[in-house]
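Commentary on secondary and tertiary structure
Listed here are the chains, written in short residue letters.
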Amino acid sequence: QVQLVESGGGLVQAGGSLRLSCAASGRTFSSYDMGWFRQAPGKEREFVAAISRSGVSTHYADSVKGRFTISRDNAKNTVYLQMNSLKPEDTALYYCAARLLGTVTSSRDEYNYWGQGTQVTVSS
């Protein structure tokens, strides 16, 4: 089992940047594919980005491609989401998630563990 704690959210103006972090407990972090999802008020939780166990493979939602970058440091048990050129429509509660088996996926139902989320608010 793994526990996930997100941090780094906040209020930023449109065009600005934020870097989210997700710290994982346990000694098997490198066994998990990791993903970032987000949920805006009144909307379903949607996929943002995912990264494979080794960090070699990444996958992004079309809406963030070219603006967001997912990365991980297995020595620090941490996954990151660098968000640049932020837009008001990026405003949401951002969650990180872990998946033990399979391949990198955008399907939220495939993820086994979730953090509590960190709020990102982008003002226009």
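Please refer to the structure higher up on the page.
First, a word on what this report is: a plain description of the structure on this page. (Residues numbered from 1 in each chain as written. Predicted model: local features only at pLDDT ≥ 70, side-chain atom pairs only at ≥ 80, totals over all residues. Heavy atoms only, no water.)

Observations regarding the pairing of strand β9 (residues 92-99)
The element β9 is largely enclosed, with a buried count of seven among its eight residues. With seven bridges joining them, strand β4 (residues 33-39) and β9 adopt antiparallel strand pairing. Across the sheet, W36 pairs through a bridge with C96, a residue of β9. Strand direction decides the pairing type here: β9 and strand β11 (residues 118-123), joined by three bridges, are antiparallel. Within the sheet, the bridge partner assigned to Y94 lies in β11 and is T118. Where β9 meets strand β10 (residues 113-114), two bridges bridge the pair, whose relative direction is antiparallel. When the sheet's bridge partners are listed, A97 is paired in β10 with W114. (Buried < 20%, exposed > 50% of the residue type's maximum accessible area, 1.4 Å probe, protein only. Helix = DSSP H or I, 4+ residues; strand = E, 2+ residues; numbered from the N terminus. Pairing = 2+ DSSP bridges.)

What to know about the packing of aromatic side chains
Going through the model one piece at a time under the given rule, you end up with six aromatic pairs. Measuring from ring centre to ring centre gives 5.2 Å for F37 and Y111, while their planes differ by 80 degrees; the resulting arrangement is edge-to-face. Separated by 74 residues along the polypeptide, F37 in strand β4 and Y111 in the loop between β9 and β10 bring together distant segments of the chain. As far as the burial class goes, F37 and Y111 line up, both buried. Judged by centre distance (6.5 Å) and plane angle (80 degrees), the rings of Y95 and W114 are edge-to-face. (Phe/Tyr/Trp six-rings, centres within 6.5 Å; stacked < 30°, edge-to-face > 60°.)

A word on the sheet that holds strand β7 (residues 68-73)
Note on sheets: strands pair through backbone hydrogen bonds, and any given pair is parallel or antiparallel. In space, the four strands of this open sheet follow the order β1-β3-β8-β7, with antiparallel pairing throughout. The open sheet has two edge strands with one neighbour each: β1 (4-7) and β7. Between one strand axis and the next, the sheet turns by 15 degrees as a mean value, whatever way the strands run. Across six bridges, strand β3 (residues 18-24) lies against strand β8 (residues 78-83) in antiparallel orientation. Its bridge partner being in β8, A23 is matched across the sheet by T78. (Axes fitted to C-alpha atoms, helices over the stretch in contact; angles between N-to-C directions.)

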